[in-house]
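A look at the structure
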Amino acid sequence: MISRYEHAYVLDVMSDDHPGIVATVSAAVEELGANIDACSQTVLGGYFTLIMIISLPRPIDPEELAEHVRKAGGAWNLQVLARRAVPVESYSAKVPCDRFVITAFGKDQPGIVRRFSQYLASKDINIVDLYGDHSGDEFVLIGQIEIPTKWDIRLLQADLEQMGSELGFTVKLQHENVFVATNQLRLIHSAERWPSLSAAER
């Protein structure tokens, strides 16, 4: 990844979820003269997590950076880690890959994430993003994965469906472009069905 400034750092923040954490962290980073080059944030089970890659025109001690963000959080008691960012060769650069989205849902039980992740690892399939949550007795798993082009997608789908059948799960594998296009069509259909709704209400 290309950073705006020469000195790049990875900043990791965790906390109980509250409104305003992103605003507070980004303001603290800006106070140091840093640029936010990339960020990813999520809330899971009431816990907030944020990872940023930031860069500065001057070097800074990682602990000084972390402490500055902690103090900005005040009574929120932010847990903050910082380290220097070094160039990392991405897995996707090693072998030709296509991005797919895997979805699986069924009755919640121990071992779901382990079974699917072990199978993907055995095929050198990289998990780029993963989300899992349960509602009542149901568990949903959604993953964005990089599949080496050498694999036959139909055979992978068959393997995943077989594993899902053993676990009582419905499993679907879609190319990322198909997944995005399908969900865009759903949004368009919803907008046509409820035209009175504003974008903020949808």
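The text that follows walks through the structure, step by step, so that each part is easy to find.

Basis of the calculations
Residues numbered from 1 in each chain as written. Predicted model: local features only at pLDDT ≥ 70, side-chain atom pairs only at ≥ 80, totals over all residues. Heavy atoms only, no water. Buried < 20%, exposed > 50% of the residue type's maximum accessible area, 1.4 Å probe, protein only. Helix = DSSP H or I, 4+ residues; strand = E, 2+ residues; numbered from the N terminus. Arc of directions from axis to C-beta. Contact = heavy atoms within 4.5 Å. 1 Å grid on protein atoms, 1.4 Å probe; cavity = no way out; pocket = protein on both sides within 12 Å on 5 of 7 lines; lining within 4 Å. Points joined across faces, edges and corners; volume = space filled by probe spheres on them. Nonpolar A, V, L, I, M, F, W, Y, C, P; charged D, E, K, R; others polar.

Notes on helix α3 (residues 112-122)
The set of residues buried in α3 consists of Ile-112, Phe-116, Tyr-119 and Leu-120. Considered in projection along α3, the buried side chains sweep an arc of 100° and stay on one side of the axis. Looking at α3, the residues exposed on the side facing more than 90 degrees away from the buried face are Ala-121 and Ser-122. In this structure, the buried residues of α3 make contact with β5 (97-107), β6 (126-135), β7 (138-148), α4 (153-167) and β8 (169-175).

Quick notes on the environment of Lys-150
As for its position among the elements, Lys-150 is in the loop between β7 and α4. You can call Lys-150 exposed: its relative accessible area is 60%. When the C-alpha atoms of Lys-150 and Cys-97 are compared, they prove to be 8.4 Å apart, with 53 residues separating the residues in sequence.

Section: empty space enclosed by the protein
Using the criterion set out here, one finds one cavity of 30 Å³ or more in the structure. By volume, the largest cavity amounts to about 80 Å³. Lining the largest cavity are Ile-102, Val-113, Phe-116, Ser-117, Leu-120, Ile-127, Leu-130, Leu-141, Gly-143 and Ile-145. Sorting the residues of the lining of the largest cavity by element identifies α3, β6 and β7 as the ones contributing at least two each. No other element matches α3, which puts four residues into the lining of the largest cavity. In terms of residue class, the lining of the largest cavity is made up of eight nonpolar, two polar and no charged.

Spatial relationships are all this shows, so hold off on functional conclusions.
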